[in-house]
Amino acid sequence: MSTKGSILVTGAAGQLGAVGRSVTGLLLDRGLPVRAMVRRDDDRAAALRAAGAEVVVGDLLEPADVYRVVNGCKRVYFGMSVSAEYLEATVLMAAVAREVGVDALVNMSQMTVSQMSIQNTTPSPQQRQHWLSEQALAWSGLPVVTIRPTVFLDGFFLRFVAPTVRDRGRIELPFGQGKTSPVAAADVARVVAAVLAEPAPHLGRIYELTGPRSQDMHGVAREYSDALNREITFSDILHEDWARELRKAGLPEHVTRHLVTMAELHRAGRYDRLSDGVERVTGQPPMSIREFVSVHADEFGGRRS
Ligand SMILES: NC(=O)c1ccc[n+]([C@@H]2O[C@H](COP(=O)([O-])OP(=O)(O)OC[C@H]3O[C@@H](n4cnc5c(N)ncnc54)[C@H](OP(=O)(O)O)[C@@H]3O)[C@@H](O)[C@H]2O)c1
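As a starting point, this report considers the structure included with it. Residue numbers run consecutively from 1 along every chain, following the written order of its sequence. In keeping with the model being predicted, local features are shown solely for residues with a pLDDT of at least 70 and side-chain atom pairs are shown and tallied solely at 80 or more, while totals for entire chains, interfaces and linings include all residues. By convention in this description, side-chain values take in all heavy atoms of the structure and omit both hydrogens and water.

1. A look at the packing of helix H10 (residues 239–248) against helix H11 (residues 253–267)
In this description, a line fitted to the C-alpha atoms serves as the axis of each element, helices being fitted only across the stretch in contact, and the angle between N-to-C directions of two axes falls anywhere from 0 to 180 degrees. Numbering goes from the N terminus for both helices and strands, where a helix is a DSSP run of H or I of at least four residues and a strand is a run of E of at least two. With their axes 10 Å apart at the nearest point, H10 and H11 run at an angle of 160 degrees to one another. By the angle class used here, H10 and H11 are roughly antiparallel. As for how H10 packs across H11, the hand of that crossing is right-handed. Between H10 and H11, the residues in contact are His239, Trp242, Ala243, Leu246 and Arg247 and Glu253, Thr256, Arg257, Leu259, Val260, Ala263 and Glu264, respectively. We call Asp, Glu, Lys and Arg charged. Ala, Val, Leu, Ile, Met, Phe, Trp, Tyr, Cys and Pro are nonpolar, and the rest, Gly among them, are polar. Its residues assigned to classes, the contact of H10 with H11 comprises six nonpolar, two polar and four charged. Under this scheme an angle from 65 to 115 degrees is roughly perpendicular, one under 35 degrees roughly parallel, and one over 145 degrees roughly antiparallel; angles in between are oblique. Put simply, a crossing is left-handed when the front helix is turned counterclockwise from the back one by less than a right angle, and right-handed when it is turned clockwise. For this analysis, residues touch if any pair of their heavy atoms sits within 4.5 Å.

2. Describing the environment of Arg290
Looking at the element boundaries, Arg290 is found in helix H13 (residues 289–295). For the pair Arg290 and Arg222, spaced 68 residues apart in the sequence, the C-alpha separation amounts to 8.6 Å. Residues in contact with Arg290, not counting those within four places in the same chain, are Glu223, Asp226 and Ala227.

3. Here's the deal with the pattern of salt bridges
By convention in these notes, a salt bridge is any Lys or Arg side-chain nitrogen within 4 Å of a carboxyl oxygen on Asp or Glu. Using the criterion set out here, one finds 14 salt bridges in the structure. With its nearest N and O atoms 3.0 Å apart, the salt bridge here joins Arg44 to Asp42. Take Asp42: its relative accessible area is 23%, and that puts it in the partly exposed class. A salt bridge links Asp187 to Arg190; the shortest N-O distance between them is 2.9 Å. One end of the pair is Asp187 and the other is Arg190, both in helix H8 (residues 185–197) and three residues apart, which spans about a single turn. Working definition: with a 1.4 Å probe on protein chains only, accessible area under 20% of the residue-type maximum means buried, over 50% means exposed, and in between means partly exposed. Classification of Asp187 by relative accessible area gives buried; the value is 4%. Through salt bridges with shared partners, a single ionic network connects Arg168, Arg170 and Glu172.

4. Observations concerning the site of the ligand
Here a residue counts as near a molecule or strand whenever at least one of its heavy atoms sits within 4 Å of it. Neighbouring the ligand are 28 residues; Gln15, Val19, Arg39, Gln110 and His130 lie closest to it. One nitrogen or oxygen atom from the main chain of Leu16 is found 3.2 Å from an oxygen atom belonging to the ligand. Two N or O atoms count as a polar contact when they lie within 3.5 Å, although within protein this holds only if one can serve as hydrogen donor and the other as acceptor, and sequence-adjacent residues are included solely when both atoms are side-chain atoms. Between the ligand and Tyr86 there is a distance of 2.7 Å, counted from an oxygen atom to a side-chain nitrogen or oxygen. Relative to its free-state accessible area of 930 Å², the ligand is covered by the protein chains to the extent of 95%. Here the shell around the ligand is built from residues that sort into 13 nonpolar, 11 polar and four charged. What sets the accessible areas is the Shrake-Rupley method with a 1.4 Å probe; for residues, cover comes only from the shown protein chains.

5. Concerning H11
An ideal rise of 1.5 Å per residue puts 21 Å on 15 residues; H11 measures up with 21 Å between its terminal C-alpha atoms. Among the 15 residues in H11, 11 count as buried, and that is most of the element. Turning to H11, its buried residues are His254, Val255, Thr256, His258, Leu259, Val260, Thr261, Met262, Ala263, Leu265 and His266. Residues of H11 that are buried sit in contact with helix H5 (125–140), helix H6 (155–160) and H10. Positioned one or two residues after H11, Gly269 has a phi angle of 80 degrees, which is positive. By definition here, a helix of n residues has an expected span of 1.5 Å times n minus one.

6. Here's the deal with the nonpolar core
Remark: nonpolar core denotes a set of buried residues (Ala, Val, Leu, Ile, Met, Phe, Trp, Tyr, Cys) joined through side-chain atoms within 4.5 Å. Of all hydrophobic cores here, the largest spans 57 residues; its most connected members are Val19, Val70, Met93, Ile147, Val188 and Val192. With nine residues, the single largest contributor to this core is H8. Contacts of Met93, omitting those with residues within four sequence positions, involve Leu8, Thr10, Leu60, Val66, Val70, Val76, Phe78 and Leu105. Counting residues in each nonpolar core, the second largest holds 35 residues, with Ala162, Ala227, Ala243 and Leu246 among its members.

7. With respect to the sheet that holds strand E5 (residues 104–108)
Note on pairing: DSSP must find at least two bridges between two strands before they are called paired. The strand order across the open sheet formed by seven strands is E3-E2-E1-E4-E5-E6-E8, and the pairing between neighbours is parallel. This sheet does not close on itself; its edge strands, each paired only once, are strand E3 (54–57) and strand E8 (206–209). Neighbour to neighbour, the strand axes of the sheet diverge by 20 degrees on average, direction disregarded. Both strand E6 (residues 144–149) and E8 contribute to a ladder of four bridges, which runs parallel. Paired with Ile147 across the bridge in E8 is Tyr207.

8. Observations concerning the side chain of Ser140
For Ser140, the location among the structural elements is in helix H5. At a separation of 3.1 Å, a polar atom in the side chain of Ser140 contacts the main-chain amide nitrogen of Leu142. Residues in contact with Ser140, not counting those within four places in the same chain, are Ala94 and Arg98.

9. Re the environment of Phe78
In this structure, Phe78 sits in strand E4 (residues 73–78). Assessed through its relative accessible area of 1%, Phe78 is described here as buried. Taking the C-alpha atoms as reference, Phe78 lies 6.3 Å from Met108; in sequence the two are 30 residues apart. If near-sequence neighbours (up to four positions away) are discounted, Phe78 is found in contact with Thr10, Leu60, Tyr86, Ala89, Thr90, Met93, Leu105, Val106, Asn107 and Met108.

By themselves, these are just geometric observations and shouldn't be taken as functional.
Now the structure itself:
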């Protein structure tokens with residue numbers, strides 16, 4: 001089927017936050033034609049196809065693949081998993097989008113970029129690449145919309161803490177007294193889908209996205225307790241121990257250094273931030289931690305009746 005005028009969604013299979021997968025579903029719900037780019041034709045690709053997307057297989061680091069998937073699309077969501085080649089993939093996407101000509105390029109970035117400059121950077125190679133990627137896209141002259149979410153609820157607050165909440169009723173993270181305002185990837189996807197559906201009023205804008213409240217980890221634990229109807233506490237653990245465990249888990253060094261930096265910045269109070277971006281773009285407030293934990297109660301060991 002020819003899909004001239006489709007919306008391209010990269011990273012559509014989805015892993016950690018699965019923003020691309022959710023965006024694909026939201027755009028299809030609106031009746032818009034979606035070209036969903038995946039790396040492999042697996043079960044996730046089949047599910048996207050069954051939902052009504054045109055699935056294309058390709059590598060975001062391969063120029064011919066990127067040209068093939070962008071060609072024929074008028075709008076693009078660009079996002080992919082945290083990886084060492086992120087900057088290269090962004091610049092390649094920009095080069096192709098300039099060649100093909102698109103009406104809007106929605107770029108996934110990070111809210112920490114708002115605190116960065118030539119003089120103020122962070123040790124995270126991913127955050128450095130997002131900062132540089134934003135610079136390159138600005139130079140490109142493309143019609144860009146920049147999405148800068150704070151930490152996702154789906155990573156640290158679900159995947160990392162589900163086992164200890166389940167087994168010991170404790171959130172164990174090296175965040176100290178730092179406050180944080182995590183946002184659900186589902187809310188980030190709602191923002192991206194709203195922008196892609198009608199990009200004109202958003203072109204050139206930067207949207208910072210947080211959850212509805214910035215609070216310390218004891219406050220976060222209280223929201224877990226309310227959602228699960230049992231006492232969940234916060235235990236501040238040694239940063240070095242946590243980083244060692246992460247390295248033992250065998251994640252790529254790029255990802256580990258990024259996560260370690262995020263934890264350090266939390267401890268330093270740098271994730272104490274609040275923005276109304278989700279509500280401003282979608283008209284609906286972002287999900288609270290309590291709501292998010294309720295939705296995922298089974299993964300945390302269930303809600304006590
Ligand atoms: N997690 C957070 O706390 C957080 C906070 C703020 C911003 N962000 C940003 O959000 C983005 C990640 O979003 P997400 O969690 O929704 O992504 P994700 O689901 O982890 O990844 C999306 C997809 O990217 C695909 N991909 C990776 N390398 C590729 C390549 N070379 N070619 C084609 N596809 C490739 C992966 O395919 P496979 O599944 O086949 O590997 C994956 O399915 C990053 O930009 C990150 O910096 C994250």
